[in-house]
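Descriptive structure summary
Residues per chain are reported as follows:
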Amino acid sequence: MEAEIPKVYSPEAIEPRWARYWIDRALYRPSDDVSRGRFCLLIPPPNITGVLHMGHMLEHTEIDVLMRWHRMRSENVLWLPGTDHASIATQMIVERELGREALPDLEPGHAANSTWQREGQRIRREIGREKFVERCWKWKEENGDTIRRQMERLGASVDWTRARFTMDPAYSRAVLEVFVRLHEEGLIYRGKYIVNWCPRCGTAVSDLEVVHEERPSHLWHIRYPFEDGAGHITVATTRPETMLGDTAVAVNPSDERYREAVGRRVVLPLLGRVIPVIADDFVDPKFGTGAVKVTPAHDPNDYEIAQSHNLPRVKVIDEQARMTAEAGPYKGLDRHEARNAVVHDLREKGLLAKTEDYVLSVGTCQRCKTVVEPLLSTQWFMKMKLLAQPAIRVVEEGLVKIVPENYKKIYLDWMYNIRDWCVSRQLWWGHRIPAWYCDACGEVVVARETPASCPRCGPAPAGLRAEEDVLDTWFSSALWPFATLGWPDQTPDLGRYYPNDLMIMGFDILFFWGARMIMMGMKFMNDVPFRELYIHALVRDAERQKMSKTKGNVIDPLDVTETYGTDAVRFALGISAAPGTDIAFSIDKIEANRAFANKIWNAGRFILMNLQKLPENLRGQLAAALQPLPGLGFAPAGAGPPHLASSARLGQALVDRWIFSRLLAVTREMSEALGSYRFHEAAYTIYHFFWHEFCDWYLEWVKPEIAQAGDRRPEVVGSRPAGSVPTSDVGLPSSDSFAAWLNLTRVFQAALHLLHPFMPFITEELWHQLPHPEPALSRAKGRESSISLAPFGLVSDRVADPVSQRQFETIQELIVAARNAKAEMGLQKQEPAAQVGSEDLRLLELFREHQQSILRLAGLEALNFTRERLAPNVGSLRRVNAAVDLRIFHEEQVDVEAERSRLERDRDKLEQQMAQVRKQLDNEEFRRRAPQEVVRATEHRYAELAERHRKVVEELERLGTRRA
Ligand SMILES: [Zn+2]
Ligand SMILES: [Zn+2]
């Protein structure tokens, strides 16, 4: 604490140092002490291709705030970090890199990227799987920890010693185990089914990876002539090119218009194939003409219809989005060319009945934006209905609580309508599906290890062919809550940290990830993966627009933390983070909170500089008094840390009783707010307390006393000039000034603790400068000291003191009233005398006791006291509250006009209030129904208002007379 405290707060000088300190000492590794409560959260693993953006920063800030908060309450906290291998994203980046190396001369840009991608895909096939995957690992080693380094710098209090990667050998073993077990139970199967196919990425993608966009298009009405030549049936379609794969026309069985048509046959235009007209409930009679074409190979609903009617499936579009041989004359055309050709030919033949405008929802690939093609393909699927049942139950029963609650309904709706999940991907980077094919007999083997022979035909002559596909990345992520803890082995971590307490994620991955973790957790652990799931908001710009590169409104977290400091950015996010509402974020907000960080720094510097002036022995006593009591160690949450619990005995001055009582309230409010994810309320509560109560009032109030202690030797420190109230509590220190110092240091230290979850760096820095005993406790636990590990429970209930709080607030009201009056009278720079009038003797006594502080803080020369309400008089009469009047003596400078308008405002306001109360009193219903004492109180209130009104009017009259 002898160190010089820099005058100017510069986060760049302190943040990297503490970030390093926390990691080097592995401070956030939970202890093995199982007697302490625990709190556990697993990070949503960022992709290895990821770079930190504002969404991560919000997510990590919210998580870190909660982790630090729980740690302060002496819980054993685990925040487990890690990264995801991001199958498709990583593969695309590596392909592009390969392409770029082969064609280095292209001008970088969108066109070059496309060319590099195509070239890279070609090179990938050329060099083969093994070399390509090696290349991906190399990329991962070199670039895959960008986000980790960024998290380290931003001070995320994770346990780096437990960092996991979804393709670690141990993790991969869990993936393999899950796949094999689900296959054994028939929950994973291989089948031909409609998948969403991205022709550009060359892989199947799941429903969730398809982004739907509204696009203007058409609805084409096409005539299908009956086979017997008697008329036709008109179908409406949004995708005319797929008609080449039609195998039926369907109508709703209840549709009277088509009663005669069902069972007859029509000729498929352009190709001449004969197909039946069938009836199926699935058809919506209100869509188009009520008759629809059935294309089982290119539409999931048609596929279902085909299943139940036993229709053939004709694939007319291939994996490159070109027309197949089944498309007859259209073979080889791209799907868009084919559409134009088909429409053109239908029109020529007079079979196009009508073309209407129609807004179509088009599915595009989340990764590359290409329009996905639903097509029939052989893939691996997971049966979801059975797996979904327990995951529905636990959310309905609240065993997993989803917050905000509106997401619960969205989750349940999705789960009730869940479809089988296509888990195979035609990619190379990822978990390879553990399946082998015997080409001799067609057997498919799924096993934990490479099988030596075919179970049906023995040692296969050509050997077994391994599956080429890998698993959807979300397959492995779904196991995150238990695979990271060592499953399938029964490790101590698994026993201790499963289920996790909480999961925090964005809405965009609720189904990709949240729902699947719940399903897999129930399936393999027979328990929920986490007890609460909090969905955080999105960070948008000041106009609530989505941040995007093209709009140029992106705030880069690394830039702003560099410029303003991590603490300021974190606090700005925290104070904006109300649940369920997107965050309107801006540089202005960060600047405002940078100013708050400056305020903390300056207050800290003032206190620390004065502390350094104290005599050595007084400082020693302070350090000892601030020391947590030996043997208590980390107090259980709620028990109250010793250094605050005993404060009630020391807070003998009114200002101390007030601030400790407020501190208790603030701690409770923050605790409640953080317990229900109201980060904004918690942040605002401590902001207001620190700035507007601790700095503006407490520090100002005690300034003379703490300065005095520094000027004298402790033995001769005088008693407090005013405000000392005798107390019968025991164990008081010998001097009031010592008490003032001790209380100030305690409150400041507690405020740092409360600020710490939001602002870890500045609080760590200032906390270390406070007088500390040898950190014996921390050392005993093999830890270096840190504010984040110092015990801080809730402040003891004993300091709750509503009477003192009310008294201090009355004094504040008096001071504020005096300041306002002076300002309105233009007397800011002067120290006039004033008079206080009240019929409440106890109040007058209170003011008299604290006269010196009141004079100093209000800027008054003298105060005199009158045991009655002040009579209206010219000038400066001010109502402090319902019981107290204040008059500033400075008549000659009174601005009569200003005074008159103030009185007129008072009068109007009183008249309004009187009218309201009158209305209530005149209400028969109220008089009959309300309890007697309520009616009496209302009457009393009316009388009081009338009295005040009389006085104001009197005073106004006096002003008027004078002017005349
Ligand atoms: Zn794609
Ligand atoms: Zn075989």
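A brief structural summary. Keep in mind the model is a prediction, meaning the values are calculated, not measured. (Residues numbered from 1 in each chain as written. Chains lettered and ligands numbered in written order. Predicted model: local features only at pLDDT ≥ 70, side-chain atom pairs only at ≥ 80, totals over all residues. Heavy atoms only, no water.)

1. Points about the overall build of the protein
To keep things clear, this is the line we draw: Helical segments are the DSSP runs of H or I of at least four residues, strand segments are the runs of E of at least two, and each set is numbered from the N terminus. The atom set for the radius of gyration is the C-alpha atoms, and the globule formula is 2.2 Å times the number of residues raised to the power 0.38. Note on exposure labels: buried denotes an accessible area under 20% of the residue type's maximum, exposed denotes more than 50%, and partly exposed covers the range between, all computed with a 1.4 Å probe on protein chains only. Pairs of residues are marked as contacts when any of their non-hydrogen atoms sit within 4.5 Å. Each accessible area value is a Shrake-Rupley result obtained with a 1.4 Å probe; residue values ignore everything except the protein chains displayed when judging cover. Positive charge is attributed to Lys and Arg, negative charge to Asp and Glu, and no charge count is given to His or to the chain ends. Just so you know, the charge point we use is NZ for Lys, CZ for Arg, CG for Asp and CD for Glu.
For the protein, the count of helices and strands is 32 helices and 29 strands. By the compact-globule yardstick of 30 Å for 964 residues, the protein is too spread out, its C-alpha radius of gyration being 38 Å. Projected onto the principal axes, the alpha-carbon positions of the protein cover approximately 110 × 70 × 60 Å. Within the span of the protein, comprising 964 residues, buried residues form 56% of the whole. Taking the contacts inside the protein whose residues are at least 6 apart along the sequence as the reference set, 78% of them involve residues at least 24 apart. Accessible surface for the protein amounts to roughly 41900 Å². Of this, 49% is attributable to carbon and sulfur atoms. Each charge class in the protein can be summarised by its mean position, and for the 124 positive and 133 negative side chains these summaries are 1 Å apart.

2. Notes on the coordination of the zinc ion (ligand 1)
For clarity, the threshold we go by: Counted as donors are the N, O and S atoms within 2.8 Å of the metal, or 3.2 Å for Na, K and Ca, while water is not among the atoms, so some sites may look incomplete. For four-coordinate sites, all angles between 85 and 135 degrees define a tetrahedron; for four- and six-coordinate sites, opposite donors beyond 155 degrees with the remaining angles between 65 and 115 define square planar and octahedral shapes respectively, and all other cases count as irregular.
Bound to the zinc ion (ligand 1) on the protein side are Cys198 (SG), Cys201 (SG), Cys365 (SG) and Cys368 (SG), at distances that span 2.2 to 2.4 Å. In this structure, the zinc ion (ligand 1) is coordinated by four donor atoms arranged in tetrahedral fashion, with angles at the metal of 100 to 116 degrees. In the primary structure, the donors to the zinc ion (ligand 1) are separated according to the pattern C-x2-C-x163-C-x2-C. Of this pair, Cys198 sits in strand S5 (residues 188-198) while Cys365 sits in strand S13 (residues 352-365); the two residues are 167 residues apart in sequence, bridging distant segments of the chain.

3. As for the coordination of the zinc ion (ligand 2)
For the zinc ion (ligand 2), the protein coordination sphere consists of Cys438 (SG), Cys441 (SG), Cys454 (SG) and Cys457 (SG), at 2.1 to 2.3 Å. Metal-centred angles of 104 to 121 degrees between the four donor atoms at the zinc ion (ligand 2) mark the site as tetrahedral. Positions of the donor residues of the zinc ion (ligand 2), expressed as sequence spacing, correspond to C-x2-C-x12-C-x2-C.

4. Observations concerning empty space enclosed by the protein
Going by this rule: The method works on a 1 Å grid over the protein atoms by themselves. A cavity is a set of points holding a 1.4 Å probe that cannot get out, a pocket is an open set with protein on both sides within 12 Å along at least five of seven lines, and residues with an atom within 4 Å of a point line them. Grid points are joined across faces, edges and corners, and a volume is the space filled by probe spheres set on the points. Basically, the charged four are Asp, Glu, Lys and Arg, the nonpolar ten are Ala, Val, Leu, Ile, Met, Phe, Trp, Tyr, Cys and Pro, and anything else, Gly included, counts as polar.
Using the criterion set out here, one finds six cavities of 30 Å³ or more in the structure. Of the volumes computed, that of the second largest cavity is approximately 100 Å³. Leu52, His56, Met57, His60, Thr61, Asp64, Trp79, Met151, Leu154, Ala156, Thr566 and Arg570 together form the lining of the second largest cavity. Considering each element in turn, the lining of the second largest cavity owes the most residues, five residues, to helix H2 (residues 54-72). Class assignment of the residues belonging to the lining of the second largest cavity gives a composition of six nonpolar, four polar and two charged.

5. Quick look at the sheet that holds strand S26 (residues 833-838)
Backbone hydrogen bonds are what pair the strands of a sheet, in a parallel or an antiparallel way. We apply this condition: A pair of strands is treated as paired once DSSP finds two or more bridges between them. To obtain an axis, a line is fitted to C-alpha atoms, over the contacting stretch when the element is a helix, and the angle between two such axes runs from 0 to 180 degrees between their N-to-C directions.
Taken together, four strands build an open sheet; the order of strands is S27-S26-S29-S28 and the sheet is mixed. The sheet terminates laterally at strand S27 (862-866) and strand S28 (877-881), the two strands that pair on one side only. Averaged over all adjacent pairs, the angle separating strand axes in this sheet is 25 degrees, with direction ignored. When S26 meets strand S29 (residues 884-889), the two strands line up antiparallel, connected through six bridges. Note on S29: the bridge partner recorded for Ala834 is Ile888. Packing against the sheet, helix H27 (residues 802-824) makes contact with S26, S28 and S29, and its axis sits at approximately 155 degrees to S28.

6. Quick word on the nonpolar core
For clarity, the cut-off: The definition of a nonpolar core used throughout is a set of buried Ala, Val, Leu, Ile, Met, Phe, Trp, Tyr and Cys residues joined through side-chain atoms within 4.5 Å.
One finds Phe585 and Phe694 to be the most contacted residues of the largest nonpolar core, which totals 206 residues. Leaving out residues up to four positions away in the same chain, Phe694 has contacts with Ile607, Ile659, Phe689, Leu699, Leu744, Val747 and Phe748. Core analysis: the next-biggest nonpolar cluster, separate from the first, contains 29 residues, Ala261, Val266, Val314 and Val316 among them.

7. Observations concerning the packing of helix H3 (residues 87-102) against helix H5 (residues 129-143)
Convention followed: By the definition adopted for this analysis, an angle is roughly parallel if under 35 degrees, roughly antiparallel if over 145, roughly perpendicular if from 65 to 115, and oblique otherwise.
Following both chains from N to C, one finds H3 and H5 inclined at 100 degrees, their axes separated by 10 Å at the closest point. In this view, H3 runs roughly perpendicular relative to H5, as classed from their interaxial angle. On H5, the residues touching Thr90, Gln91, Ile93, Val94, Glu95, Glu97, Leu98 and Glu101 of H3 are Phe132, Arg135, Cys136 and Trp139. Its residues assigned to classes, the contact of H3 with H5 comprises six nonpolar, two polar and four charged.

8. Thoughts on the sheet that holds strand S6 (residues 203-205)
Pairing within the open sheet is antiparallel, and its four strands lie in the order S6-S5-S14-S16. At either margin of the open sheet sits one strand with a lone partner, and together these are S6 and strand S16 (421-422). Bridge analysis of S5 against S6 gives three bridges, and the strand direction is antiparallel. Within the sheet, the bridge partner assigned to Asn196 lies in S6 and is Val205. Along the sheet, helix H8 (residues 300-309) contacts S5 and strand S14 (373-382); its crossing angle with S5, the most-contacted strand, is approximately 140 degrees.

9. Digging into the packing of aromatic side chains
As a reminder, the rule being used: When the centres of two rings from Phe, Tyr and Trp lie within 6.5 Å, Trp using its six-membered ring, the rings pair. Their planes under 30 degrees apart give stacked, over 60 give edge-to-face, and anything left gives tilted. By definition, being over a ring means that NZ of Lys or CZ of Arg is both within 6 Å of the ring centre and within 35 degrees of the ring normal.
This model, assessed by the stated rule, comprises 40 aromatic pairs. An aromatic cluster is built from Phe571, Phe596, Tyr684, Tyr687, Phe690, Trp691, Phe694, Tyr698, Phe748 and Phe758, whose rings are joined through pairwise contacts. Against the face of Phe132 rests Arg124, its NZ or CZ located 5.9 Å from the ring centre. Sitting over the ring of Phe165, Lys140 keeps its end group 4.1 Å from the ring centre.

10. Considering the environment of Glu405
You can see Glu405 is positioned in the loop between strand S15 (401-403) and helix H11 (406-416). When the C-alpha positions of Glu405 and Tyr534 are compared, they lie 9.3 Å apart, and in sequence the two are 129 residues distant.

11. So, the side chain of Thr234
For Thr234, the position within the fold is in strand S8 (residues 232-237). For Thr234, a relative accessible area of 17% gives the class buried. Excluding residues that lie within four positions of it along the chain, Thr234 makes contacts with His221, Ile222, Arg223, Tyr258, Thr289, Ala291 and Ala353.

12. What about a positive patch on the surface?
Operational definition: Residues form patches when they are more than 30% accessible in relative terms and have no salt bridge. Like charges link within 9 Å. Nonpolar side chains (Val, Leu, Ile, Met, Phe, Trp, Tyr) link within 5 Å. Salt bridges, as used here, are contacts in which a Lys or Arg side-chain nitrogen is within 4 Å of a carboxyl oxygen on Asp or Glu.
Taken together, the side chains of Arg367, Lys369, Lys546 and Lys551 define a basic patch exposed on the protein surface. Within the element layout of this structure, Arg367 appears in the loop between S13 and S14. When its relative accessible area of 38% is taken as the criterion, Arg367 is described as partly exposed.

13. Some points on the pattern of salt bridges
Tallying each qualifying case throughout the model produces 62 salt bridges. Close ionic contact of Asp885 with Arg879 constitutes a salt bridge, the shortest N to O distance being 3.9 Å. For Asp885, a relative accessible area of 3% gives the class buried. For Arg929, the salt bridge identified is with Glu925, shortest N-O distance 3.7 Å. Of this pair, Arg929 and Glu925 both sit in helix H31 (residues 924-929), four residues apart, roughly one helical turn. For Arg929, a relative accessible area of 65% translates into the label exposed. According to the relative accessible area criterion, Glu925 is partly exposed, its value standing at 36%. Through salt bridges with shared partners, a single network forms among Arg239, Glu241, Arg335, Arg339 and Glu373.

14. Structural notes on the environment of Gln812
For Gln812, the location among the structural elements is in helix H27. Distance in space between the C-alpha atoms of Gln812 and Val175 is 64 Å, their sequence separation being 637 residues. Contact partners of Gln812, with chain neighbours within four places excluded, come to Trp658 and Trp697.

15. Some thoughts on the pairing of strand S9 (residues 248-251)
Burial of S9 is two-sided: the residues Ala248 and Ala250 facing one way and the residues Val249 and Val251 facing the other way are all buried. Here four bridges tie S9 to strand S12 (residues 291-294), and the two strands are oriented antiparallel to one another. Bridge pairing in S12 links Ala250 to Val292. Two strands pair when backbone bridges link them, and S9 and strand S11 (residues 274-279) are joined in this way by three bridges, in the parallel orientation. Paired with Val249 across the strands is Val277, a residue of S11.

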